[in-house]
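A closer look at the structure
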Amino acid sequence: MRAYVFPLLALACAVAVDAAAQTVLAQRIDSILSVREEKAKAKYDTAFIAKPGQKWTVKPRVNTSGTDLSAKGVIGDSRFSTSLRAELRSTLGATVSYRGLSIGFALNPAKLSGKNKDNEFSLSSYGNRWGADLVYTSAKTFSGTAELGGAKYDIRPGTVSMEMLQANAYYTFSHRRFSFPAAFTQSQVQLRSKGSWLLGLSAFAGRIDTGSDVVPGASKSRLLAINVAVGGGYAYNLVLKRKWLIHLSAMPHIVVYSRNKLTVGDVRQRSPFRFPSLINIGRFAAVRNFKNSFIGMSAVVNLWHQGDSGEMMIESVKWRARLFYGVRF
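Below you will find a few notes about this structure. Since this is a predicted model, take the numbers as computed values, not measurements. (Residues numbered from 1 in each chain as written. Predicted model: local features only at pLDDT ≥ 70, side-chain atom pairs only at ≥ 80, totals over all residues. Heavy atoms only, no water.)

Re the pairing of strand β2 (residues 56–75)
Sheet faces and side chains relate simply in a regular strand, where the side chains alternate between the two faces. As a reminder of what qualifies: Between any two strands, pairing holds if DSSP finds at least two bridges. The numbering of helices and of strands both runs from the N terminus, where a helix is a DSSP run of H or I of at least 4 residues and a strand a run of E of at least 2.
Taken together, the ten bridges between β2 and strand β4 (residues 89–98) define a ladder with antiparallel strand orientation. The partner of Trp-56 across the bridge, within β4, is Tyr-98. Relative to strand β18 (residues 312–328), β2 runs antiparallel, the two being bridged by 15 bridges. Paired with Thr-64 across the two strands is Ala-321, which belongs to β18. Across eight bridges, the pairing between β2 and strand β3 (residues 78–85) is antiparallel. From the neighbouring strand, Ala-71 faces β3, where its bridge partner is Thr-82. Where β2 folds back onto β3 in an antiparallel hairpin, the turn is made up of two residues, including Gly-76, whose phi is positive at roughly 65 degrees.

Description of a nonpolar patch on the surface
Put simply, the rule reads: Residues enter a patch when their relative accessible area is above 30% and they make no salt bridge; the linking distance is 9 Å between like charges and 5 Å between nonpolar side chains (Val, Leu, Ile, Met, Phe, Trp, Tyr). Only the protein chains shown count as cover for residues, with accessible areas throughout obtained via the Shrake-Rupley method and a probe of 1.4 Å. Salt bridges are identified by distance alone: a Lys or Arg side-chain nitrogen within 4 Å of an Asp or Glu carboxyl oxygen.
Taken together, the side chains of Trp-56, Val-96, Ile-103, Phe-290, Ile-295, Tyr-325, Val-327 and Phe-329 make up a nonpolar region of the molecular surface, amounting to roughly 730 Å² of accessible area. Considering the arrangement of structural elements, one finds Phe-329 in the segment after β18.

Observations concerning the packing of aromatic side chains
The test is simple: Two rings from Phe, Tyr or Trp (for Trp, the six-membered ring) form a pair when their centres sit within 6.5 Å of each other. Planes less than 30 degrees apart are called stacked, planes more than 60 degrees apart edge-to-face, and all others tilted. Two limits define a charge over a ring: the Lys NZ or Arg CZ must be within 6 Å of the ring centre, and within 35 degrees of the ring normal.
Inspection of the entire model under this criterion finds 13 aromatic pairs. In this structure an aromatic cluster arises from ring pairing among Tyr-126, Tyr-170, Phe-178, Phe-180 and Phe-184. Sitting over the ring of Phe-324, Lys-59 keeps its end group 5.3 Å from the ring centre. Directly above the ring of Phe-48 sits Arg-192, whose terminal nitrogen or CZ lies 4.5 Å from the centroid.

Examining the nonpolar core
Note the threshold: Note on terminology: a nonpolar core comprises buried Ala, Val, Leu, Ile, Met, Phe, Trp, Tyr and Cys residues joined through side-chain atoms within 4.5 Å. Remark: exposure states derive from per-residue accessible area (1.4 Å probe, protein chains only) relative to the maximum for the residue type, with buried under 20%, exposed over 50%, and partly exposed in between. Whether two residues are in contact is decided by their heavy atoms, any of which lying within 4.5 Å being enough.
Counting 41 residues, the largest nonpolar core has Leu-69, Phe-142 and Phe-180 as the members making the most contacts within it. Those residues in contact with Phe-142, other than ones at most four positions away along the chain, are Thr-67, Leu-69, Leu-84, Arg-85, Ala-86, Arg-156, Pro-157, Gly-158, Val-160, Ser-161 and Met-162.

Quick notes on the side chain of Asp-133
Quick note on the threshold: Polar contact is the term for a pair of N or O atoms within 3.5 Å; when the atoms are in protein, one must be able to donate a hydrogen and the other to accept it, and sequence-neighboring residues count only if both atoms are side-chain atoms.
Relative to the helices and strands, Asp-133 resides in strand β7 (residues 130–139). Classification of Asp-133 by relative accessible area gives buried; the value is 3%. Engagement of the side chain of Asp-133 in a polar contact is seen with the side chain of Arg-283, the distance being 2.8 Å. Each residue touching Asp-133, except ones within four places of it in the same chain, is listed here: Leu-123, Ser-124, Tyr-126, Gln-166, Ala-167, Asn-168, Arg-283 and Arg-320.

Some details on the environment of Lys-59
As for its position among the elements, Lys-59 is in strand β2. By relative accessible area, which is 7% here, Lys-59 ends up buried. Sequence separation between Lys-59 and Gly-326 is 267 residues; the distance between their C-alpha atoms is 4.1 Å. If sequence neighbours within four positions are ignored, Lys-59 has contacts with Gly-93, Ala-94, Thr-95, Phe-184, Thr-185, Gln-186, Phe-294, Phe-324, Tyr-325 and Gly-326. Separated by 2.9 Å, the side chains of Lys-59 and Gln-186 make a polar contact.

What about the pattern of salt bridges?
The final tally for this structure, using the stated rule, is seven salt bridges. Arg-85 serves as the salt-bridge partner of Asp-68, at 3.0 Å between the closest nitrogen and oxygen. In this pair, Asp-68 is assigned in strand β2 and Arg-85 in strand β3, connecting sequence segments 17 residues apart. Look at Arg-85 and you get exposed, because its relative accessible area is 52%. Glu-163 is the salt-bridge partner of Arg-207, the closest N and O atoms lying 2.8 Å from each other.

Bear in mind that shape data such as this cannot, by itself, settle questions of function.
Structure representation (structure tokens):
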């Protein structure tokens, strides 16, 4: 019996020590997050912004995103225009947050079944003073119409593709009383209506490929573009009765650095774009807060516009919308 008793006692002691170590670690993490919250609270006006009383938040969500691509200009002596749209992309997911630290996941049913060949990755961080978001999109499902010299053509999926990386950052001037997190992450609550001027920085890097069979007589082409833009705008959080929060913001940017490369067939051509080029970011959110839960929606729209229709103009609209429901405890 002794041969079995001592190993069992050793195992029990090890489990107890391990459980105690985990408890100490959890208490240490909780203490660090508590100090972090207190420091953050000192940076904003508690008459306008508050933290939820609960520590945990579970938030199921449904995301939908889309990409539109259009172009206008002149080829030879003929005018052309195209209007294309990629297949909508929808995901189901959820996030779990503890005192502002979050982890989440998202699944695309159409991607899992092989019905959608597009890829997308997004990352965002919304703070009171600073914030940024990053979106990578690879779209091969564009379809739509094209017009050349008065003749109209249907563009089938697979003949036009685009890869793009967009990054946006903002600085909030009234960060002590205005809360981006209240509208987009629900880690804070806006108590009173408040607006703020914004300063922004945006970047776009993309590649657009068209096949030789897009329209009769056209050659395959590739456009590589890198744009960096600076700008600003205004955001407003409207707090209504019954604990509704409505957010609306717009941030136009002017491109200050542009590097483009256009190749038609196997020949590199002069870049047809002229100043000014624009990048605009619009955001919207509506949140209804209850005692221990909330429900709402949000949307972000990125517009990239370069060139003019007299020679060549190309425009991309990337949008993302979200429906969510959260429970705090």
